[in-house]
Amino acid sequence: NAGVTQTPKFQVLKTGQSMTLQCAQDMNHEYMSWYRQDPGMGLRLIHYSVGAGITDQGEVPNGYNVSRSTTEDFPLRLLSAAPSQTSVYFCASSFRTRTDTQYFGPGTRLTVL
Amino acid sequence: AQSVTQPDIHITVSEGASLELRCNYSYGATPYLFWYVQSPGQGLQLLLKYFSGDTLVQGIKGFEAEFKRSQSSFNLRKPSVHWSDAAEYFCAVEVNDYKLSFGAGTTVTVRA
């Protein structure tokens, strides 16, 4: 049971490039989400999904796309990277009840030059 | 809007001393509250959570938190800190349907 995995761990992009951050979980969790963490701002929700085929926007969705074709995977796509997207990105998952614990991946540190 | 405030950006505490981290929330209904810890270079780990019932909640690693509705607070405490408790701590509230709103975090430094 690997929990929540994220790849890559580190990434450097140039402005305008696109890329996909991968997130996978093997706990059969229905709920998955993406957060970004910036100094002094805590974590902010980008997008989330309550099950395969269902996604919705969080607090800061602009510049990011998601899809959820399987229960296990929830990739985050940066369409045209900007320096403002330099951040640490965390994926999380949980069972679909309000009282269940959200499990976080180890994070991806992204730098956009 | 629902929000969480952690007034202390950085706290330094001596090993063996007690620790208290403050968290204030703004939420209209009964809040679901959480404390997470993030060690350097790691993801977040849940320390404890409050949904209802007993207002004193026990968590992992010897932490506890007390929910005080009258003060809109959910402060985290540990009686005696260890060097391994040096980390960043986040308070969070569930704003609706599984979405969490996080505070800005408190960094804890433990001195020998």
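This structure is a prediction, so every number in the text was calculated from the model and none was measured.

This brings us to the overall build of chain B. A count of helical and extended segments in chain B gives zero helices and twelve strands. When the helices and strands of chain B are read in sequence order from the N terminus, they spell out β-β-β-β-β-β-β-β-β-β-β-β. Compactness check: chain B gives a C-alpha radius of gyration of 13 Å against a globular reference of 13 Å for 112 residues, within 12% of the reference. A sequence separation of at least 24 residues applies to 53% of the contacts in chain B between residues at least 6 apart.

Turning our eyes to something else, we now look at unusual backbone geometry. Here Thr7(A) and Pro8(A) are connected by a cis peptide whose omega angle stands at -10 degrees. As for its placement among the helices and strands, Pro8(A) is situated in the loop between strand E1 (4–7) and strand E2 (10–13). The residue Asn28(A) is not glycine, and still its phi comes out positive at about 60 degrees. Tracing the sequence through the fold places Asn28(A) in the loop between strand E3 (19–25) and strand E4 (31–37). The phi dihedral of Ser72(B) falls on the positive side, at around 50 degrees, and the residue is not glycine.

The next point concerns the layout of surface pockets. Space left empty within the atom packing is revealed by a probe, the size of a water molecule, rolled over the atoms. By volume, the largest pocket is sized at about 540 Å³. Forming the walls of the largest pocket are 29 residues, and the residues nearest its centre are Gln37(A), Val88(A), Phe90(A), Arg109(A) and Gln38(B). Every element with two or more residues in the lining of the largest pocket is listed here: strand E9 (87–94) and strand E11 (108–112) of chain A together with strand E10 (87–96) of chain B. By residue number, the principal contributor to the lining of the largest pocket is E11(A), which donates four residues.

The rules behind each value
- Residues numbered from 1 in each chain as written.
- Chains lettered and ligands numbered in written order.
- Predicted model: local features only at pLDDT ≥ 70, side-chain atom pairs only at ≥ 80, totals over all residues.
- Heavy atoms only, no water.
- Helix = DSSP H or I, 4+ residues; strand = E, 2+ residues; numbered from the N terminus.
- Rg over C-alpha atoms; globule rule 2.2 N^0.38 Å.
- Contact = heavy atoms within 4.5 Å.
- 1 Å grid on protein atoms, 1.4 Å probe; cavity = no way out; pocket = protein on both sides within 12 Å on 5 of 7 lines; lining within 4 Å.
- Points joined across faces, edges and corners; volume = space filled by probe spheres on them.

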